[in-house]
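Descriptive analysis of the structure
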Amino acid sequence: MGGGEIHCSADARRLARRKLPWMIFDYIDGAAGEEHGADLNRAALRDIRLRPRCLVDVSRRDLSAEVFGERQGAPFGVAPMGMCNLSTPGADLMLARLAAKWRVPHCLSTVSSTPMETVIEAAEGHAWFQLYFSGDGAGSMKLARRAQEAGYATLILTVDVPEVGRRPRELRHAFRMPFRIGLKQFVDFALHPEWSLRTLRAGAPTLANFDGVDYAFDRTESRAAADWGWFTNLRDAWPGRLVVKGVLDAEDALRLKNAGADAIQVSSHGSRQLDAAPPPILALRRIRAAVGEGFPLFYDSGLRGGEDVVKAYAAGADFVFFGRVLQFAMAARREAGLNALWGVLLEETSLTLAQVGACSVDALGPDNLA
């Protein structure tokens, strides 16, 4: 089945909600606390008004973007998302093939369902590795060295999970990895046979980067011991580019810049950590003012369409990443759905550029905001 039913990200979410077990949908879709943070960020994005312009020749629009001196084939990439194969078997590799086709970064999560070596090969090198601090940090250092050996040139250190946020929708379903199957979960899976049969044939997803190694990972464990000293040790040990993700405070951003970060990714972890966090799209403007022009700033959280992409660039981002909407597209229509939604996002971005009188995302800035 193709992806012809997907005309926007809301279509992908609606179809995914029908296909996925409740437990899996709520794991992907859920946010922290009462989910006010997620709603507030979407409201903040919606409230940004763009400035339409007329009689500007926008007949030749370029959707490429530059990241670390290299042109990317699209103005957005794939954000790190844990256990993507829960959306549909093989999702990690679908995203890797997409990244290879469009020459954009596929940010592979520490807790991916597919080994990092397999993913970077499928992505033809267009992959970054996302790293969590874990335990005393020793295992994380081993994972970083393994990523380097696998050919990853960019590491994304995620710093906004000192403790895993409480996500009530996950807790109500008793979501955990590996699954614990009780009566409620059995009924849930039985009522969603297409997903259940596919997953049964492929085998339940695992934390693939920790199979057969001497360091473990527990997604619920405390990571509160991470500090600036450990960041310095990682910076000294990692020879490639280091992106720091999950930054919402301008003071932290400036300190990270001065401490050797190569880029900062403004993000609220998809509003999955702190319900009372400020809207990342508003934090983006403050952080840009703090770090100045020319320092790479990336953005994720709350993006749903091409107009959001243009708003983020106009607010100060140098590149943006889509997350859960891509999982919804794969859950809805597998790889055809992913490619369909990607095409929609590109078209939406292109049309929005035309409306604001810009021929590329490089040309966007505060003047494009009403």
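**Brief notes about the overall build of the chain**
Scanning the chain for helices and strands turns up 14 helices and ten strands. Taking 370 residues into account, the globule formula puts the C-alpha radius of gyration at 21 Å, and the chain, at 20 Å, falls close to it. Considering only C-alpha atoms, the chain reaches an extent of 60 × 50 × 40 Å along its principal axes. When the 370 residues of the chain are sorted by exposure, 56% land in the buried category. Taking as baseline every contact in the chain between residues at least 6 positions apart, the subset at least 24 positions apart corresponds to 75%. Counting only carbon and sulfur atoms, one obtains 52% of the accessible surface of the chain, whose full area is about 15,700 Å². For the chain, the separation between the mean place of its 44 positive charges and that of its 44 negative charges on side chains is 5 Å.

**A look at the packing of helix 1 (residues 9-19) against helix 14 (residues 324-355)**
Helix packing geometry: the angle between the two helix axes and the distance between the axes. The contact between helix 1 and helix 14 brings their axes to 7 Å, and the two run at 115°. Between helix 1 and helix 14, the angle falls in the class roughly perpendicular. Helix 14 is crossed by helix 1, and the crossing has right-handed handedness. The residues of helix 14 that touch helix 1, namely those facing Ser9, Ala12, Arg13, Leu15, Ala16 and Lys19, are Val325, Phe328, Ala329, Ala331, Ala332, Arg333 and Leu341. Split by residue class, the contact of helix 1 with helix 14 holds nine nonpolar, one polar and three charged.

**With respect to the packing of aromatic side chains**
Applying the stated criterion to the full structure yields 13 aromatic pairs. Residues Phe25 and Phe328 carry aromatic rings whose centres are separated by 5.5 Å and whose planes lie at 25° to one another, so their mutual orientation is stacked. With a gap of 303 residues between them, Phe25 in helix 2 (residues 22-29) and Phe328 in helix 14 connect regions that are remote in the sequence. Both residues of the pair, Phe25 and Phe328, belong to the buried class. Pairing Phe129 with Tyr152 gives two aromatic rings, centres 5.8 Å apart and planes at 65°, and the pair type is edge-to-face. With Phe129 in strand 5 (residues 127-132) and Tyr152 in the loop between helix 6 (138-150) and strand 6 (154-158), the pair connects residues that are 23 residues apart, well separated along the chain. As far as burial versus exposure is concerned, Phe129 and Tyr152 are alike and both buried. Here the aromatic residues Phe68, Trp128, Phe298, Phe319 and Phe321 are joined through ring pairs into a cluster of three or more. The residue whose ring lies beneath Arg255 is Trp228, and the NZ or CZ to ring-centre distance is 4.0 Å.

**Some words on the pairing of strand 10 (residues 319-322)**
Burial along strand 10 is two-sided: the face carrying Phe319 and Phe321 and the face carrying Val320 and Phe322 are both buried. One ladder, built from three bridges, connects strand 3 (residues 76-78) with strand 10; its direction is parallel. Paired with Gly77 across the strands is Phe321, a residue of strand 10. Where strand 9 (residues 297-299) and strand 10 come together, two bridges link them in parallel fashion.

**Here's the deal with the environment of Gly139**
Examined against the element boundaries, Gly139 turns out to sit in helix 6. Residues Gly139 and Asp214 lie 75 residues apart in sequence; the distance between their C-alpha atoms is 8.4 Å.

**Examining helix 4 (residues 91-102)**
Between the first and last C-alpha of helix 4 there are 17 Å, a value that for twelve residues agrees with the 16 Å anticipated at 1.5 Å per step. Those residues of helix 4 that sit buried are Ala91, Asp92, Met94, Leu95, Ala96, Leu98, Ala99 and Ala100. If you follow the buried residues of helix 4, they end up packed against strand 3, strand 4 (106-108), helix 5 (116-122) and helix 14.

**Structural notes on the nonpolar core**
Membership of the largest hydrophobic core comes to 117 residues, with the highest contact counts inside it found for Tyr299 and Leu326. In terms of residue count, helix 14 provides more of this core than any other element does, 14 residues in total. Apart from residues no more than four positions distant in its own chain, Leu326 is found in contact with Val78, Leu95, Leu338, Leu341, Trp342 and Leu345.

**Comments concerning a nonpolar patch on the surface**
The grouping of Trp22, Ile181, Leu183, Phe186, Val187 and Leu191 at the surface amounts to a nonpolar patch, some 640 Å² of accessible area in total. Among the elements that line the nonpolar patch, the one with the most residues is helix 8 (residues 183-190), at three residues. Relative to the assigned elements, Val187 resides in helix 8.

**A look at the side chain of Thr114**
Of note, Thr114 is situated in the loop between strand 4 and helix 5. Taking the relative accessible area as the measure of exposure, Thr114 reaches 8% and is therefore buried. The residues touching Thr114, leaving out its near neighbours within four places in the chain, are Asn85, Asp92, Leu93, Leu108, Val119, Ala208 and Asn209.

What counts and what doesn't
Residues numbered from 1 in each chain as written. Predicted model: local features only at pLDDT ≥ 70, side-chain atom pairs only at ≥ 80, totals over all residues. Heavy atoms only, no water. Helix = DSSP H or I, 4+ residues; strand = E, 2+ residues; numbered from the N terminus. Rg over C-alpha atoms; globule rule 2.2 N^0.38 Å. Buried < 20%, exposed > 50% of the residue type's maximum accessible area, 1.4 Å probe, protein only. Contact = heavy atoms within 4.5 Å. Areas by Shrake-Rupley, 256 points an atom, 1.4 Å probe, with all protein chains shown as cover. Lys, Arg positive; Asp, Glu negative; His and termini not counted. Charge placed at Lys NZ, Arg CZ, Asp CG, Glu CD. Axes fitted to C-alpha atoms, helices over the stretch in contact; angles between N-to-C directions. Parallel < 35°, antiparallel > 145°, perpendicular 65-115°, else oblique. Left-handed = near helix turned anticlockwise from the far one by under 90°. Nonpolar A, V, L, I, M, F, W, Y, C, P; charged D, E, K, R; others polar. Phe/Tyr/Trp six-rings, centres within 6.5 Å; stacked < 30°, edge-to-face > 60°. Lys NZ or Arg CZ within 6 Å of the ring centre and 35° of its normal. Pairing = 2+ DSSP bridges. Expected span 1.5 Å × (residues − 1). Core = buried A, V, L, I, M, F, W, Y, C linked by side-chain atoms within 4.5 Å. Patch = residues over 30% accessible without salt bridge, like charges linked within 9 Å, V, L, I, M, F, W, Y side chains within 5 Å. Salt bridge = Lys/Arg side-chain N within 4 Å of Asp/Glu carboxyl O.

So yeah, pure geometry; function would need other evidence.
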